[in-house]
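Each chain is listed here by its residues.
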Amino acid sequence: MKKQVKPGRRQSLPLSTGRKRSFKPIVKVQQDIHFAVIGDSHVGYGNSSSIFKNLLPKAVSSGNKRFVIFGGDNAQAGADHGNHADEYYKDFKDTVTGTLGTIPYKASIGNWEASTRSLFTKYLGAAAGQMNFPGTQTKVKYVWLDCALGVFSPASIRLLKNLDDKHYYIIDFHWPLKIAGITVDPSHVLSGTETSKFFNAIPLKARDRVLAIFTHHGHLFYRKLNNIYPGYTKTKFFVCGCSGDYKCKPNGDRGYYDAVLTINGSNYSVNAFRVSVT
């Protein structure tokens, strides 16, 4: 007679203990990307080289700078028919690379560099273009334009026409736009025609994606933080002071912008604050 084997007991599943699962809320982590904006160093004029070499380390040592923008008239290249342009560009670039180290930078072209474009390109790269803004995982693009003589180049207008709504943009060029209320000398501001050409070139879908426009040439600081032009309610507009010795007043017009790009979830914004250097 075979021995009967009792079937194994099934383990009953415990009834709910009544405890509720705790879900941790997703916390948005704000990211601040610090950068500096510097204009009109005019290296080659007077004491500009020495002033620039004193100012630049201050600009990059405050905060964790990830990028530096130079806004044109970096070198007094067109002086004396450009006879010393190579020397002035080299002085500027040696100062920049020696001070910044691994911090990336880009320079726009100014009116004092317009007659020496080949040397500008040799030392400082293309006069107009687009690149990924450091630290943003390609979400923000930096766009620099060529309006060296007060007129946007065709290449610059093409860049603007190709802006899309998949990225955010920070834009830099030398001459200030003609913005209502601007305090810059009218002779150092773009015409109404060029200003309209700039704004109208940007597709409607990209206009809310332009975070900030930085300009220079006026040798003073000015900013307007909203409604800079019809259809651009969110874009901030800045004019930067100077960082050299050419038509540069050390009573507040000489200095740079300490700027920050803030990313908080799907919200992107830029702000910039003047730092004066005597």
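Please refer to the structure higher up on the page.
What comes next is a walk through the structure. Keep in mind that this is a model prediction, so the values were computed, not measured. (Residues numbered from 1 in each chain as written. Predicted model: local features only at pLDDT ≥ 70, side-chain atom pairs only at ≥ 80, totals over all residues. Heavy atoms only, no water.)

## With respect to the pairing of strand β7 (residues 210–215)
- Burial within β7 is extensive, with six of its six residues counted as buried.
- Inspection of the sheet shows strand β6 (residues 168–172) paired to β7 by four bridges, in the parallel sense. The residue bridging Ile170 from the neighbouring strand is Ala212, located in β7.
- With respect to chirality, the unit in which β6 leads through helix α5 (residues 192–201) into the neighbouring parallel β7 is right-handed. (Buried < 20%, exposed > 50% of the residue type's maximum accessible area, 1.4 Å probe, protein only. Helix = DSSP H or I, 4+ residues; strand = E, 2+ residues; numbered from the N terminus. Pairing = 2+ DSSP bridges. Right-handed = clockwise from strand over helix to strand, strands pointing away.)

## Details of the state of the cysteines
- By the definition in use, this model includes one disulfide.
- A sulfur-sulfur separation of 1.8 Å characterises the disulfide bridge that pairs Cys242 with Cys248. What sets the handedness of the Cys242 and Cys248 disulfide is the S-S torsion sign, and at about 110 degrees it is right-handed.
- Under the relative-accessibility criterion, Cys248 is labelled buried at 10%.
- There is no disulfide at Cys240, and the cysteine sulfur nearest it, in Cys242, is 8.4 Å away.
- Among the residues examined, Cys240 registers a relative accessible area of 1% and is labelled buried. (Disulfide = S-S within 2.5 Å.)

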